[in-house]
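In case you want the letters, here they are:
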Amino acid sequence: MMKTNINIDSLNERTAGDRDLAFELLQMLKSDYINELNVLNQSVNQKDYKNIANILHRIKSSVGTLGFDNLMDEIEIVEKKALNFSPSDDLSIEINRIFISLKKHIVELEKILKT
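Notes on the structure in this doc start here. Computed from a predicted model, the values in this text were never measured in an experiment.

### Topic: the overall build of the protein
Next, step 1: Scanning the protein from N- to C-terminus turns up 5 helices and 0 strands.
Next, step 2: Reading the protein from its N end, one meets helices and strands in the order α-α-α-α-α.
Next, step 3: The C-alpha atoms of the protein give a radius of gyration of 14 Å, which matches the 13 Å a tight globule of 115 residues would have.
Next, step 4: Taking all 115 residues of the protein together, 39% fall into the buried category.
Next, step 5: Considering only intrachain contacts with a sequence separation of at least 6, the fraction spanning at least 24 residues in the protein is 72%.
Next, step 6: For the protein, the exposed area adds up to about 6600 Å²; of that, 49% sits on carbon and sulfur atoms.
Next, step 7: Treating the 15 positive side-chain charges of the protein as one cloud and the 18 negative ones as another, the clouds have centres 4 Å apart.

The following block contains the structure:
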């Protein structure tokens, strides 16, 4: 499992230090991620690798903005696997691992932003 690590400097740079903006972006991600996981799981079942890559790319951008650098790197690896149409990889396990980590990152950033 990847370590929950938030790059606060990157977050501040991308949001110009605006905590309200950071919190708003976090809430948008938080409200969307369950739906994204459901769509990803459907796409995995349908072997729709292009859609998997597209969704992961969107999520990667969101988590990158919030300073979830390690998670962004992990998403990029899985995105590349999807783009290479590698059926030997069990993307569902990797996607679930990403979303478990995403939830931990969300909780941690909420704590940081509320202090």
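### Some thoughts on the packing of helix H2 (residues 19-45) against helix H5 (residues 91-114)
For any two helices packed against each other, one specifies the inter-axial angle together with the distance between the axes.
Next, step 1: It is the contact of H2 with H5, at a shortest axis distance of 11 Å, that shows an interaxial angle of 165 degrees. Taken together, the axes of H2 and H5 lie roughly antiparallel to each other. Crossing hand, H2 versus H5: left-handed.
Next, step 2: Taken together, the residues that form the contact of H2 with H5 break down as 16 nonpolar, 4 polar and 6 charged.

### Re the packing of aromatic side chains
Next, step 1: This structure, assessed with the given rule, holds 1 aromatic pair.
Next, step 2: A centroid spacing of 6.3 Å and a plane angle of 15 degrees characterise the contact between Tyr33 and Phe99, whose relative ring orientation is stacked. Here Phe99 lies in helix H5 and Tyr33 lies in helix H2, a separation of 66 residues in the sequence.

### Some points on the side chain of Glu110
Next, step 1: The residue Glu110 is located in helix H5 in this model.
Next, step 2: Look at Glu110 and you get buried, because its relative accessible area is 12%.

### Concerning the nonpolar core
Buried together is how nonpolar side chains tend to be arranged in soluble globular proteins.
Next, step 1: Ranked by internal contacts, the top residues of the largest apolar core, which has 30 residues, are Ile52, Phe68, Ile95, Phe99 and Leu102.
Next, step 2: Residue contacts for Ile95: discarding those within four places in its chain leaves Leu37, Leu40, Val44, Ile52 and Val78.

### Considerations on H2
Next, step 1: Compared with an ideal rise of 1.5 Å per residue, which puts 27 residues at 39 Å, H2 spans 39 Å between its outermost C-alpha atoms and is within 8% of the ideal.
Next, step 2: The largest bend in H2 is about 40 degrees, located at Tyr33.
Next, step 3: Listed as buried for H2 are Ala22, Leu26, Leu29, Tyr33, Glu36, Leu37, Leu40, Ser43 and Val44.
Next, step 4: Among the structural elements, helix H1 (8-15), helix H3 (49-65) and H5 are those in contact with the buried residues of H2.
Next, step 5: With a side-chain oxygen lying 3.0 Å from the backbone nitrogen of Asp20, the N-terminal cap of H2 falls on Asp18.
Next, step 6: In the segment just after H2, Lys47 is the residue with positive phi, at about 55 degrees.

What counts and what doesn't
- Residues numbered from 1 in each chain as written.
- Predicted model: local features only at pLDDT ≥ 70, side-chain atom pairs only at ≥ 80, totals over all residues.
- Heavy atoms only, no water.
- Helix = DSSP H or I, 4+ residues; strand = E, 2+ residues; numbered from the N terminus.
- Rg over C-alpha atoms; globule rule 2.2 N^0.38 Å.
- Buried < 20%, exposed > 50% of the residue type's maximum accessible area, 1.4 Å probe, protein only.
- Contact = heavy atoms within 4.5 Å.
- Areas by Shrake-Rupley, 256 points an atom, 1.4 Å probe, with all protein chains shown as cover.
- Lys, Arg positive; Asp, Glu negative; His and termini not counted.
- Charge placed at Lys NZ, Arg CZ, Asp CG, Glu CD.
- Axes fitted to C-alpha atoms, helices over the stretch in contact; angles between N-to-C directions.
- Parallel < 35°, antiparallel > 145°, perpendicular 65-115°, else oblique.
- Left-handed = near helix turned anticlockwise from the far one by under 90°.
- Nonpolar A, V, L, I, M, F, W, Y, C, P; charged D, E, K, R; others polar.
- Phe/Tyr/Trp six-rings, centres within 6.5 Å; stacked < 30°, edge-to-face > 60°.
- Core = buried A, V, L, I, M, F, W, Y, C linked by side-chain atoms within 4.5 Å.
- Expected span 1.5 Å × (residues − 1).
- Bend = angle between axes of the 7 residues up to and from the residue.
- Polar contact = N/O pair within 3.5 Å; in protein donor to acceptor, adjacent residues only side chain to side chain.

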